[in-house]
Amino acid sequence: MAAPAIDVLIRGAGPVGCTLALALKGSSLSIAVLGTTSVKPAFRPIALSYASRLILERIGVWQGLAATPIETIHVSQQQGFGRVVMEAADAGVPALGYVTEYSALLSILEKACHEFVVQEETPARCVVHAEGTPSDAREKRYGQDALVALVRTEPNATTRAFERFTSEGPLALLPFAGRYALIWSCRPQRAEELLLLPSESFLKEVASAAGSRPGRPVEVEARAVQPLVLRVQRTRVAPREVYIGNAAQTLHPVAGQGLNLGLRDAWELSRAFRGAPDPGDAQLLARYASTRRLDSQATIHVTDALASAFLGSSRVLRAARGAALTALDLFPAPRRFFARRMIYGPSALP
């Protein structure tokens, strides 16, 4: 076997892999990022948490990223009572999150990470898998697909996001440069029907599902459908290997936690690597896996529960959902805890 040429090889030049490389820039470790991302994806909105903003600031890329802040999130259910409004002040942050486009984030990270990118496999003391689906992953196919679109309303979107739970799945409207990024989870057949509807008919369906609070939908573009799957790598570390981001877990988009969890993976791994004489040391990797266990497992379980807990349209289910939303709205402490948990991970714990 060839002697390791570098310390850390990062497989995957997406946002998580590039973030890890930039977080390790200036350390004593030699780094390479394997992969090309020259093909830009179609419109794909992403919601970055305030914690993700802090990470991107620390690696020097936040200032150049165009992103719309979310200062308020209004959560409700279709054809049922109960709602909760979460404000940035609840969590003690300037914004609960920020909406941007995946390709915009990828582009700015690529430019910053260019010096580390290689096109061929390089022997390394530690290999970090930051993209792809490992063969050892546990998989759960949701009975939903996500319909994604860009919707303009009257009045225009500001800094308020809406999460609406319907009988088929959650519908999110995220403010994005004066419009809304729509992420609507529903049965695959229903998603395909919505994809093919004429614009006017589609906008009527959006208005019916979302309610009147976001405004009247008047224009739509960039419709696409994405399958929804939960994948979890069975082990986060192996001999001289570690899995982060989508290589470790792929989540349902409800609450927008997938990429944010991946960025926290990258940041915490960079902290574990810095100053380490051997980044592939088994004890170092085991400690890293232990520190990430609470955050990853809790986030996976919360998003999976939210994806299914608000399905169904019976009176009993609607009443239970309404009571849960009302209770969360009435009591500041649980609302603050939930908001901070979604932003920071386990550091929201007492």
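Residues numbered from 1 in each chain as written. Predicted model: local features only at pLDDT ≥ 70, side-chain atom pairs only at ≥ 80, totals over all residues. Heavy atoms only, no water.

Draft legend 1. View of the packing of aromatic side chains. Across all of its chains, the model carries 3 aromatic pairs by this definition. Pairing phenylalanine 43 with phenylalanine 176 gives two aromatic rings, centres 6.0 Å apart and planes at 50°, and the pair type is tilted. Separated by 133 residues along the polypeptide, phenylalanine 43 in the loop between strand 2 (31-34) and strand 3 (45-49) and phenylalanine 176 in strand 12 (residues 170-176) bring together distant segments of the chain. Each member of the pair phenylalanine 43 and phenylalanine 176 is classed as buried. Each ring, one from phenylalanine 162 and one from tyrosine 180, has its centre 6.1 Å from the other, and the planes form 70°; the classification is edge-to-face. Highlighted residues: phenylalanine 162 in strand 11 (residues 160-165) and tyrosine 180 in strand 13 (residues 179-186), separated in sequence by 18 residues. Overall, the relative accessible area of 9% leaves phenylalanine 162 in the buried class. Just above the ring of tyrosine 102 sits the side chain of arginine 44; from NZ or CZ to the centre is 4.1 Å. In this structure, arginine 223 packs its charged tip against the face of phenylalanine 202, placed 4.6 Å from the ring centre. (Phe/Tyr/Trp six-rings, centres within 6.5 Å; stacked < 30°, edge-to-face > 60°. Helix = DSSP H or I, 4+ residues; strand = E, 2+ residues; numbered from the N terminus. Buried < 20%, exposed > 50% of the residue type's maximum accessible area, 1.4 Å probe, protein only. Lys NZ or Arg CZ within 6 Å of the ring centre and 35° of its normal.)

Draft legend 2. View of the side chain of threonine 303. Following the sequence through the fold, threonine 303 ends up in helix 8 (residues 282-309). Residue threonine 303 is classed as buried on the basis of its relative accessible area of 1%. In this structure the side chain of threonine 303 is engaged in a polar contact, spanning 2.9 Å, whose partner is the backbone oxygen of threonine 299. Within the structure, threonine 303 has its side chain in polar contact with the backbone oxygen of isoleucine 300 (distance 3.1 Å). (Polar contact = N/O pair within 3.5 Å; in protein donor to acceptor, adjacent residues only side chain to side chain.)

Draft legend 3. Structural context of the packing of helix 1 (residues 15-23) against helix 4 (residues 102-113). In the contact formed by helix 1 and helix 4, the axes pass within 9 Å of each other and the chain directions differ by 35°. Crossing hand, helix 1 versus helix 4: left-handed. Contacts between helix 1 and helix 4 involve Pro15, Cys18, Thr19, Ala21 and Leu22 on the former and, on the latter, Tyr102, Leu105, Leu106, Leu109, Ala112 and Cys113. Residues that form the contact of helix 1 with helix 4 fall into these classes: 10 nonpolar, 1 polar and no charged. (Axes fitted to C-alpha atoms, helices over the stretch in contact; angles between N-to-C directions. Left-handed = near helix turned anticlockwise from the far one by under 90°. Contact = heavy atoms within 4.5 Å. Nonpolar A, V, L, I, M, F, W, Y, C, P; charged D, E, K, R; others polar.)

Draft legend 4. Region of the structure containing helix 2 (residues 50-58). Among the residues of helix 2, Tyr50, Ala51, Ser52, Leu54, Ile55 and Leu56 are the ones counted as buried. Positioned one or two residues after helix 2, glycine 60 has a phi angle of 85°, which is positive.

Draft legend 5. Summary view of helix 7 (residues 258-273). Taking 1.5 Å per residue as the helical rise, helix 7 with its 16 residues ought to reach 22 Å, and the 23 Å between its terminal C-alpha atoms agrees with that figure. When you tally the buried positions in helix 7, you get 12 out of 16 residues, the bulk of the element. Within helix 7, burial applies to Leu259, Asn260, Leu261, Gly262, Leu263, Arg264, Asp265, Ala266, Trp267, Leu269, Ser270 and Phe273. Taken from the residues just after helix 7, glycine 275 is the one with a positive phi, measuring 85°. (Expected span 1.5 Å × (residues − 1).)

Draft legend 6. Structural view of the packing of helix 1 against helix 7. Axis separation between helix 1 and helix 7 bottoms out at 9 Å; the angle between their running directions is 25°. The angle between the axes of helix 1 and helix 7 places the two elements in the roughly parallel class. Of the two possible hands of crossing, helix 1 and helix 7 adopt the one that is right-handed. In contact with Pro15, Val16, Thr19, Leu20 and Ala23 of helix 1, helix 7 contributes Leu259, Gly262, Leu263, Ala266, Trp267, Leu269 and Ser270. Its residues assigned to classes, the contact of helix 1 with helix 7 comprises 9 nonpolar, 3 polar and no charged. (Parallel < 35°, antiparallel > 145°, perpendicular 65-115°, else oblique.)

Draft legend 7. Region of interest: the pattern of salt bridges. Counting across every chain of the model gives 19 salt bridges. The partner of aspartate 265 in a salt bridge is arginine 292, with the nearest N and O atoms 2.9 Å apart. Here arginine 292 lies in helix 8 and aspartate 265 lies in helix 7, a separation of 27 residues in the sequence. Taken as a pair, aspartate 265 and arginine 292 share a single burial class, namely buried. Look at the salt bridges and you will find they share partners, linking Arg236, Arg264, Asp265, Arg292 and Asp295 into a network. (Salt bridge = Lys/Arg side-chain N within 4 Å of Asp/Glu carboxyl O.)

Draft legend 8. Representation of the sheet that holds strand 8 (residues 117-118). The sheet built from 6 strands is open, its strands ordered 8-2-1-9-16-15 with mixed pairing. With one partner strand each, in any of the chains shown, strand 8 and strand 15 (237-238) form the two edges of the open sheet. In this fold helix 1 packs onto strand 1 (6-11), strand 2 and strand 9 (124-129), with an angle of close to 155° to the strand it touches most, strand 1. (Pairing = 2+ DSSP bridges.)

Draft legend 9. Seen up close, the environment of valine 99. Turning to its location among the elements, valine 99 is positioned in strand 7 (residues 97-101). Take valine 99: its relative accessible area is 0%, and that puts it in the buried class. Distance from valine 99 to alanine 161, taken between C-alpha atoms, is 9.8 Å for residues 62 residues apart in sequence. Ignoring sequence-local partners within four residues, the contact set of valine 99 consists of Ile46, Ala66, Ala67, Thr68, Ile70, Leu174, Pro175 and Phe176.

Draft legend 10. Examining the state of the cysteines more closely. A full pass over the atoms with the stated rule returns 0 disulfides. Counting only cysteine sulfurs, cysteine 113 is the nearest neighbor of cysteine 18, a cysteine outside any disulfide, at a range of 3.9 Å. Taking relative accessible area as the criterion, cysteine 18 reaches 1% and is therefore assigned buried. (Disulfide = S-S within 2.5 Å.)

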